[in-house]
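# A look at the structure
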Amino acid sequence: MRFSIPAACLGLLLALLAGTGCETQPPRPPAPRPTPAFRADKLDEIDRAVATRVAAGELPGANLWLEHRRTAHHGAFGSRALEPAREPMSEDTVFDAASLTKVLATTPCILRLAEAGRIGLEDPVARYLPAFAAHGKGGITLRHLLTHTSGLRPGLPSRGDWSGPGDALALACAETPAQAPGKQFVYSDINFIVLGELVRAVSGRGIDQAAREWFYGPLGMRDTGFLPLAAGLPPSRIAPTERQPGGACLRGVVHDPTARRMGGVAGHAGVFTTAPDLARFCRMLLGGGELDGHRVLSPATVARMTSVQTPDGIPARGLGWDIDSPYAGPRGRHFPVGSYGHTGWTGTSVWIDPGSDTFVILLSNRNHPTEAGDVRNLRREVGTLAAEALADVAWPTPVGAAAPFPADDPGFGAAGPADAGVLQGIDVLERDGFRALRGLRVGLVTNHTGRNRARRATIDLLHGAAGVELVALFSPEHGIRGLQDEKVADGRDEKTGLPVYSLYGERRAPTPEQLAPLDAVVFDIQDIGCRFYTYISTLGNCMEAAGRAGKKFVVLDRVNPVNGVGVEGPVLSAPRSFVGWHELPLRHGMTTGELARLFDAERKLGGNLVVVRCEGWHRADWFDATGLPWTNPSPNMRGLAEATLYPGVGLLEACAVSVGRGTGTPFEVIGAPYVDDRVLAAAMNAAGLPGIRFLPVRFTPTASVHQGKECGGVQMLVTDRDAFRAADLGMALASTLHRLWPTELQLGKMASLLGDPETLEAIRAGKPPGEIRAIRDRGLPDFLRRRQPHLLY
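Thresholds, definitions, all that
- Residues numbered from 1 in each chain as written.
- Predicted model: local features only at pLDDT ≥ 70, side-chain atom pairs only at ≥ 80, totals over all residues.
- Heavy atoms only, no water.
- Helix = DSSP H or I, 4+ residues; strand = E, 2+ residues; numbered from the N terminus.
- Rg over C-alpha atoms; globule rule 2.2 N^0.38 Å.
- Buried < 20%, exposed > 50% of the residue type's maximum accessible area, 1.4 Å probe, protein only.
- Areas by Shrake-Rupley, 256 points an atom, 1.4 Å probe, with all protein chains shown as cover.
- Lys, Arg positive; Asp, Glu negative; His and termini not counted.
- Charge placed at Lys NZ, Arg CZ, Asp CG, Glu CD.
- Core = buried A, V, L, I, M, F, W, Y, C linked by side-chain atoms within 4.5 Å.
- Contact = heavy atoms within 4.5 Å.
- Pairing = 2+ DSSP bridges.
- Axes fitted to C-alpha atoms, helices over the stretch in contact; angles between N-to-C directions.
- Salt bridge = Lys/Arg side-chain N within 4 Å of Asp/Glu carboxyl O.
- Parallel < 35°, antiparallel > 145°, perpendicular 65-115°, else oblique.
- Left-handed = near helix turned anticlockwise from the far one by under 90°.
- Nonpolar A, V, L, I, M, F, W, Y, C, P; charged D, E, K, R; others polar.
- Polar contact = N/O pair within 3.5 Å; in protein donor to acceptor, adjacent residues only side chain to side chain.
- pLDDT = per-residue confidence, 0-100.
- Phe/Tyr/Trp six-rings, centres within 6.5 Å; stacked < 30°, edge-to-face > 60°.
- Lys NZ or Arg CZ within 6 Å of the ring centre and 35° of its normal.

When helices and strands are tallied, the chain shows 23 helices and 27 strands. A compact globule built from 793 residues should have a C-alpha radius of gyration of about 28 Å, and the chain, at 28 Å, falls within 12% of that. With the C-alpha coordinates aligned to their principal axes, the bounding extent of the chain is approximately 95 × 65 × 60 Å. Per-residue burial over the chain gives 59% buried out of 793 residues. If you sum the accessible surface of the chain, you get close to 30,300 Å²; carbon and sulfur atoms cover 54% of it. For the chain, the distance from the average position of its 84 positive side-chain charges to the average position of its 83 negative side-chain charges is 2 Å.

Listed below in structure tokens is the structure:
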């Protein structure tokens with residue numbers, strides 16, 4: 001259900017009721033008809049978008065609230081709860097707001113104290129919490145905490161016998177910063193845990209009491225606060241979150257494990273709220289700190305809080321609020337830099353655009369009953385459609401949404417592509433005159449995918465770049481031209497005469513002798529977003545070698561062709577190898593540059609890393625939305641369809657089945673001589689996997705496994721790639737083939753690519769799909785937290 005209620009209608013009704021006198025009135029000109037606030041077709045699109053994602057199982061349900069110039073469109077979708085019984089969503093549902101706590105409670109309370117002159121944002125934190133000065137934190141100010149530039153890591157340790165706010169503060173005070181304050185943006189719960197305790201130390205109130213007295217009470221936010229059960233809210237109104245080991249789902253108890261240890265009241269998480277209450281808070285901000293005659297912040301404070309407060313070169317953040325950082329997905333494609341918002345782990349988000357007097361709220365419990373839910377695509381889609389729904393606002397063409405760049409258009413030079421669409425790292429480097437490499441002797445790790453939008457090779461671009469001396473080339477698996485499916489030997493590039501050192505033969509990383517004449521190593525290879533696709537292993541090996549040699553490492557970033565939103569388990573738990581270089585999930589949802597940042601931080605590879613970012617790419621974009629020309633990353637990776645299926649189908653390559661190598665459709669078919677194609681197709685279709693259908697097929701590979709033998713199997717047709725999950729496909733194929741042909745299928749050989757013994761044993765034991773999925777995905781929440789500080793888009 002949805003409602004659009006112009007505030008002007010109430011005034012018109014009152015005027016009609018007032019006009020009841022009997023005196024003759026002079027004629028009045030007709031009142032001008034008000035301009036509609038929203039486009040009805042776009043409101044319908046928003047509703048469909050939410051309903052479609054709910055139906056696809058990406059979230060149980062949601063509350064949506066879009067408001068423009070005091071006209072609201074809002075509604076409830078799907079279910080409030082799925083376990084232990086399904087409950088319909090209602091508009092008065094109370095949600096665990098998760099990290100929205102940072103901007104609904106902690107930031108405003110800190111700024112209220114600053115307005116009163118009781119604290120200063122440039123003051124060292126240790127002025128108010130003396131123990132915080134330990135371990136080199138004496139220079140960290142309140143501003144550093146509010147903008148996530150303190151240098152502290154993302155969160156407190158999850159293990160150990162501690163509880164309560166006192167222990168949490170003691171752990172925070174024992175932290176040692178990873179870098180100097182003000183130098184780098186790292187989103188950190190520790191920052192706001194400390195700020196919450198600072199409110200207690202200065203005001204004598206816990207953050208829960210301060211927020212209630214200073215904000216929620218005056219603003220009429222009756223259903224907002226910490227510890228909702230203690231406040232008397234009925235559990236039936238509260239949206240549950242994740243199922244716990246005992247089987248029950250959290251309901252009215254904060255999901256964040258650190259906040260739970262702190263008793264449910266913390267500066268980084270713990271607030272529960274409703275869409276109507278959050279709408280009142282947004283109106284207060286758009287009103288310059290005042291709502292319905294109640295002023296809770298000054299206009300100057302609101303302006304300061306919601307404008308850029310980070311230095312140049314660091315993602316744009318306000319005080320607490322996000323403006324233009326890797327977490328700004330809810331902004332969509334239209335709301336400008338200058339709008340602001342925040343997200344929460346449980347599936348909550350808010351985005352506010354003062355320029356158009358608009359805000360959009362999306363509240364969900366996407367991690368009920370498990371962490372498998374995902375609202376990142378939906379947030380971005382709703383943000384985009386919300387802006388497009390404003391009837392009286394004309395937005396400029398968004399970056400990356402220009403007409404596709406023609407594959408044969410030569411109009412690209414140092415100034416960039418003519419249509420200013422998506423740029424890969426090499427395009428940005430070229431446009432900027434190779435500034436990041438000037439004066440350096442470089443070695444280039446690349447292959448045939450290292451090309452700009454006009455299909456000019458990175459080898460040729462760097463070889464001809466003024467001020468750059470290209471000294472050597474390094475080739476990964478499949479060779480410098482991407483044509484080999486076997487070990488690669490050293491050689492020499494015919495066009496430039498440069499030596500080509502193979503990293504997929506006798507060695508897997510550059511030797512110290514090869515690195516000695518270099519100032520920097522540059523990496524430019526297109527990955528496909530799968531853990532066991534070995535280009536990212538070559539990236540890690542090269543970073544390790546460059547770090548040991550003290551060399552600068554430059555990654556020319558490239559888009560993730562299967563988007564940067566989808567993340568699918570299992571996370572590698574087996575020993576590391578060349579097909580499992582680091583603890584990543586099967587599908588990691590990161591670009592090469594983001595992976596490099598993760599590797600550098602978690603493997604401590606030296607820190608001399610530079611990432612030349614892509615431009616115009618959004619995390620939810622698939623490759624075919626970029627206008628970039630496709631180049632087969634390897635001989636059998638012949639298109640986006642193969643890249644989409646590969647993380648699931650490729651798992652079974654070593655299991656005595658053909659995955660289509662040696663056919664015209666590699667990774668789109670799977671089978672073996674012992675497989676009955678009709679039986680397998682029927683079983684796979686009966687599995688009910690979303691977004692994919694299976695057709696019985698017989699094929700004869702001309703290469704690789706079962707070469708020259710007729711195979712029975714299935715052809716896989718992806719019907720909805722956003723609903724499709726490659727990991728689910730891989731588990732279902734393995735389980736079904738093992739159940740039907742347990743002797744012929746060599747299931748154990750799946751171990752190296754799957755990378756998780758527990759998941760393999762669950763498949764071998766014939767456990768139900770839900771149990772396999774729970775085992776497989778158990779490491780995803782931790783990985784998602786680990787990757788967050790390293791995202792660039």
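The next thing to look at is the nonpolar core. Met716, Leu729 and Met750 are the most contacted members of the largest nonpolar core, which has 93 residues in total. Top contributing element to this core by residue count: helix α19 (residues 726-740), with 8 residues. Excluding residues that lie within four positions of it along the chain, Met716 makes contacts with Leu645, Val649, Phe667, Glu668, Val669, Ile670, Ile692, Arg693, Phe694, Leu729 and Leu733.

All right, on to the sheet that holds strand β27 (residues 711-718) then. Pairing in this open sheet of 3 strands is antiparallel, and the strands run β25-β27-β26 from one edge to the other. Two strands bound the open sheet, and with one partner strand each, they are β25 (669-672) and β26 (692-699). Each strand of the sheet is rotated relative to its neighbour by a mean of 25°, with strand direction disregarded. With 8 bridges connecting them, β26 and β27 associate as antiparallel partners. Residue pairing for β27: Leu695 is matched across the bridge by Gln715. In this fold helix α18 (residues 677-686) packs onto β26 and β27, with an angle of close to 170° to the strand it touches most, β26.

A few words on the pattern of salt bridges. This structure, assessed with the given rule, holds 49 salt bridges. Residue Asp677 pairs with Arg698 through a salt bridge whose shortest N-O separation is 3.6 Å. Taken together, the residues Asp677 in helix α18 and Arg698 in strand β26 connect sequence positions 21 residues apart. Its salt-bridge partner being Asp728, residue Arg773 comes within 3.4 Å of it at the nearest N-O pair. Of this pair, Arg773 sits in helix α22 (residues 769-776) while Asp728 sits in helix α19, and the two are 45 residues apart along the sequence.

Our focus in this paragraph is the packing of α19 against α22. Two elements in contact, α19 and α22, have axes whose closest approach is 11 Å; the angle formed by their N-to-C orientations is 125°. One way to sum up the angle between α19 and α22 is to call them oblique. The two elements α19 and α22 meet at a crossing, and its hand is right-handed. Contacts between α19 and α22 pair Ala727, Asp728, Met731 and Ser735 from the former with Ile772, Arg773 and Arg776 from the latter. The residue makeup of the contact of α19 with α22, split by class, is 3 nonpolar, 1 polar and 3 charged.

What follows concerns the sheet that holds strand β17 (residues 468-475). Taken together, 7 strands build an open sheet; the order of strands is β18-β19-β17-β16-β20-β21-β24 and the sheet is mixed. With one partner strand each, in any of the chains shown, β18 (491-492) and β24 (609-612) form the two edges of the open sheet. Both β17 and strand β19 (residues 499-502) contribute to a ladder of 3 bridges, which runs parallel. Bridging from a neighbouring strand, Leu473 pairs with Val500 of β19. Packing against the sheet, helix α15 (residues 535-549) makes contact with β16 (440-446), β20 (520-524), β21 (552-556) and β24, and its axis sits at approximately 155° to β21. Each of β20, β21 and β24 touches helix α16 (residues 592-603); the most contacted strand, β24, lies at about 165° to it.

To continue, consider the side chain of His448. Relative to the helices and strands, His448 is located in the loop between β16 and α13 (458-464). With relative accessibility at 16%, the residue His448 sits in the buried group. Here Asn632 takes part through its backbone oxygen, which lies 2.5 Å from a polar atom of the side chain of His448.

Let us now look at the confidence of the model for the chain. Low-confidence regions, as indicated by low pLDDT, have predicted coordinates that should not be scrutinised in detail. Per-chain confidence: the chain averages 90 in pLDDT, with 91% of residues scoring 70 or above. Here residues 1-34 scores under 50 on pLDDT; set against residues more than four positions off or in separate chains, the count is 24 contacts. Taken as a whole, residues 399-420 scores under 50 in pLDDT and shows 38 contacts with residues more than four places along the chain or in a different chain.

Both the distance between ring centres and the angle between the ring planes are used here to describe each pair of aromatic rings. Under the criterion given, the structure shown has 14 aromatic pairs. Consider the rings of Phe532 and Tyr646, whose centres lie 5.2 Å apart with planes at 55°: the pair is tilted. One end of the pair, Phe532, is in the loop between β20 and α15; the other, Tyr646, is in helix α17 (residues 640-649), and 114 residues separate them in sequence. Taking the relative accessible area as the measure of exposure, Tyr646 reaches 6% and is therefore buried. Ring centres of Phe623 and Trp630 lie 5.3 Å apart, and the angle between their planes is 90°; this geometry places the pair in the edge-to-face category. Assessed through its relative accessible area of 7%, Phe623 is described here as buried. Joined through ring pairs, the aromatic side chains of Phe532, Tyr533, Tyr535, Tyr646 and Phe667 make up one cluster. Cation over ring: Arg785 sits above Trp345, and NZ or CZ is 4.6 Å from the ring centre.

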